[in-house]
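If you want the building blocks of each chain, they are given just below.
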Amino acid sequence: MAYLDHAATTQLLPEALAAVTAELGYVGNASSLHAAGRRARRVVEESRERLAQSFGARPSEVVFTSGGTEADNLAVKGLYWARNAAGSDRAESADGAAGGRCRPRIIASPIEHHAVLDPLAWLAEHEGAEILWLPVDRLGRVDPADVEAALADDPDSVAFVTVMWANNEVGTVQRVSEIAAAGRVHGVPVHSDAVQAAGQLAVDFTASGLDAMTLSGHKIGGPVGVGALVLGRGVELTPVLHGGGQERDVRSGTLDTASIAGFAAAAEVVTRGRAERSADVAALRDALVTAVQRAVPDAHLNGDPNPAGRLPGNAHFSFPGCEGDSLLLLLDARGIECSTGSACSSGVAQPSHVLLAMGADADMARGSLRFSLGHTST
């Protein structure tokens with residue numbers, strides 16, 4: 001089998017497998033005060049330090065979650081609730097009467113993963129949020145000037161901005177630092193889903209200027225079921241889960257020590273060898289693109305054609321006159337495993353929301369396939 005769906009999930013790295021296996025034989029809740037609990041806590045905190053170092057953050061900024069979807073939900077809902085609660089508190093006059101304003105607006109790109117899009121839709125439906133969708137160009141890129149313009153219009157009404165670091169379908173990389181800078185000028189927090197970027201690009205939370213950033217373990221060679229929200233110090237967040245008050249009181253739940261250890265091990269491996277590995281994968285990707293275009297001259301490469309502007313492991317094509325799902329199954333029968341886009345929505349015969357936002361027609365958006373390479377690709 002030729003596995004070309006690393007963007008959906010990638011093989012567990014040997015170092016991550018060893019770290020997980022080593023922990024599974026131990027008992028101990030990291031919140032317990034006895035010796036077994038303290039041992040588990042030590043593993044968790046050492047893993048937190050290793051993960052923070054890998055992605056340019058402080059250990060105190062790493063909030064462990066069950067994966068990227070939970071981290072995105074925590075960021076989107078938590079920032080919205082916290083920012084509106086803060087606005088309401090400041091609007092209280094001396095006699096307790098309500099005044100001032102809240103922050104109902106959220107600025108977002110229309111090409112986000114559904115782990116961001118669906119919480120946004122939920123907030124709009126249930127909490128009165130107003131979503132301001134940023135335009136993207138034909139390559140799937142947000143112009144930071146559009147973010148600046150949207151913020152300058154009325155920054156006091158904006159809860160936060162969310163723009164993913166790199167797109168999970170077409171692989172286009174965003175100018176995250178410039179977007180974060182625009183938010184900083186206007187005092188509005190900026191979140192970025194870096195699930196696809198981590199491990200492939202130089203992801204540095206502090207250098208980016210972001211206020212919140214999403215990571216996922218199984219996208220970088222760690223185990224499924226663990227992720228993190230990197231949350232800047234001083235950034236207020238309302239919890240989505242309530243319980244024991246773990247993880248800075250914003251994410252309750254018993255910590256999965258084994259998975260966290262595997263996540264940290266994978267992060268160290270991918271960041272230590274990132275430059276060389278990404279160059280190798282990009283060369284394979286370029287060879288694949290050339291071969292596909294030679295075999296199918298009317299195939300259209302989506303996203304940034306400049307290799308520097310897309311993820312090293314991403315090649316996304318539209319095939320005129322074809323259905324993506326049918327092509328996927330035909331290729332699967334020949335031993336080639338790929339995707340029609342986001343694995344979370346695969347199997348549903350609908351055009352890609354990413355390609356539609358980029359200006360593609362519905363037929364082209366339905367006839368697309370994503371080939372994504374990773375650390376086991378040859």
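The structure this text deals with has already been given above.
What you see is a predicted model, and the numbers here were worked out from it, not measured in a lab.

Caption draft 1: Examining the packing of helix 5 (residues 144–153) against helix 6 (residues 176–186) more closely. Contact pair helix 5 / helix 6: the axes reach a minimum separation of 9 Å and the direction vectors enclose 15 degrees. When the axis of helix 5 is compared with that of helix 6, the two are roughly parallel. In terms of crossing hand, the pair formed by helix 5 and helix 6 is right-handed. The segment helix 5 lies against helix 6, with Pro144, Val147, Glu148, Leu151 and Ala152 engaging Glu178, Ile179, Ala182, Gly183 and His186. For the contact of helix 5 with helix 6, the per-class residue count stands at six nonpolar, two polar and two charged.

Caption draft 2: Representation of unusual backbone geometry in the model. A positive phi angle, near 55 degrees, is found at Glu247, a position not held by glycine. Relative to the helices and strands, Glu247 is located in the loop between strand 8 (227–231) and helix 8 (257–272). Non-glycine residue Arg248 carries a positive phi angle of around 65 degrees. Here Arg248 lies in the loop between strand 8 and helix 8.

Caption draft 3: Expanded view of the packing of aromatic side chains. Per the stated rule, a full pass over the model turns up three aromatic pairs. Note on Trp81 and Trp122: the rings are 6.3 Å apart at their centroids and 85 degrees apart in plane angle, and the pair reads as edge-to-face. You can see Trp81 sitting in helix 3 (residues 68–90) and its partner Trp122 sitting in helix 4 (residues 114–126), a full 41 residues away along the chain. The class for Trp122 is partly exposed, based on a relative accessible area of 31%. Ring geometry for Phe317 versus Phe319: centroids 5.9 Å apart, planes at 35 degrees, classification tilted. Here the two residues Phe317 and Phe319 agree in accessibility, since each one is buried.

Caption draft 4: Fine view of the sheet that holds strand 6 (residues 190–193). Strand order in the open sheet formed by seven strands is 2-8-7-6-5-3-4, and the pairing between neighbours is mixed. Sheet topology places strand 2 (62–65) and strand 4 (130–133) at the edges, where each strand pairs with a single neighbour. Ignoring which end each strand starts from, the neighbouring axes of this sheet average 20 degrees apart. Strand direction decides the pairing type here: strand 3 (residues 105–108) and strand 4, joined by four bridges, are parallel. Each residue of the ladder has a partner; that of Ile106, found in strand 4, is Ile131. Here helix 2 (residues 35–54) sits on the sheet and contacts strand 2 and strand 8; the angle it forms with strand 2, its principal contact strand, is near 115 degrees.

Caption draft 5: Highlighting the sheet that holds strand 10 (residues 314–318). Pairing is antiparallel in the open sheet, where three strands are placed in the order 9-10-12. Looking at strand neighbours, the two that pair on one side only are strand 9 (300–301) and strand 12 (368–372), the edges of this open sheet. Pairing of strand 10 with strand 12, which is carried by five bridges, proceeds in the antiparallel orientation. Bridging across to strand 12, Phe317 finds its partner in Leu369. In the packing of helix 9 (residues 274–295) onto the sheet, contacts are made with strand 9, strand 10 and strand 12, and the angle to strand 10 comes to roughly 15 degrees.

Caption draft 6: Region of the structure containing the nonpolar core. Phe55, Phe64, Val161, Trp165 and Met213 are the most contacted members of the largest nonpolar core, which totals 58 residues. Top element by residues in this core is helix 8. It accounts for six residues. Counting 21 residues, the second largest nonpolar core, distinct from the first, contains Ala75, Phe160, Ala212 and Leu237.

Caption draft 7: Local environment of the side chain of Arg370. When you line up the elements, Arg370 lands in strand 12. Classification of Arg370 as buried rests on a relative accessible area of 1%. Here Asp5 takes part through its side chain, which lies 3.2 Å from a polar atom of the side chain of Arg370.

Caption draft 8: Structural detail: the pattern of salt bridges. Within this structure, the stated rule accounts for 13 salt bridges. With its nearest N and O atoms 2.9 Å apart, the salt bridge here joins Glu178 to Arg175.

Caption draft 9: Geometry of the environment of Leu229. Along the polypeptide, Leu229 turns up in strand 8. Taking relative accessible area as the criterion, Leu229 reaches 0% and is therefore assigned buried. Taking C-alpha positions, Leu229 is 15 Å from Gly253, a pair spaced 24 residues apart along the chain. Here Leu229 is in contact with Glu61, Val62, Val63, Thr65, Ala71, Leu74, Ala75, His191, Ala212, Met213, Thr214 and Leu237, once residues within four sequence places are set aside.

Caption draft 10: Geometry of the pairing of strand 8. Of all five residues making up strand 8, five are buried, and the element is well covered by its neighbours. Across the two faces of strand 8 the burial is the same, with Gly227, Leu229 and Leu231 and Ala228 and Val230 all buried. Pairing of strand 2 with strand 8, which is carried by four bridges, proceeds in the antiparallel orientation. Across the sheet, the residue bridging to Val62 is Val230, located in strand 8. Pairing of strand 7 (residues 212–216) with strand 8, which is carried by five bridges, proceeds in the antiparallel orientation. For Ser216, the partnering residue across the bridge sits in strand 8 and is Gly227.

About the criteria used
Residues numbered from 1 in each chain as written. Predicted model: local features only at pLDDT ≥ 70, side-chain atom pairs only at ≥ 80, totals over all residues. Heavy atoms only, no water. Axes fitted to C-alpha atoms, helices over the stretch in contact; angles between N-to-C directions. Helix = DSSP H or I, 4+ residues; strand = E, 2+ residues; numbered from the N terminus. Parallel < 35°, antiparallel > 145°, perpendicular 65-115°, else oblique. Left-handed = near helix turned anticlockwise from the far one by under 90°. Contact = heavy atoms within 4.5 Å. Nonpolar A, V, L, I, M, F, W, Y, C, P; charged D, E, K, R; others polar. Phe/Tyr/Trp six-rings, centres within 6.5 Å; stacked < 30°, edge-to-face > 60°. Buried < 20%, exposed > 50% of the residue type's maximum accessible area, 1.4 Å probe, protein only. Pairing = 2+ DSSP bridges. Core = buried A, V, L, I, M, F, W, Y, C linked by side-chain atoms within 4.5 Å. Polar contact = N/O pair within 3.5 Å; in protein donor to acceptor, adjacent residues only side chain to side chain. Salt bridge = Lys/Arg side-chain N within 4 Å of Asp/Glu carboxyl O.

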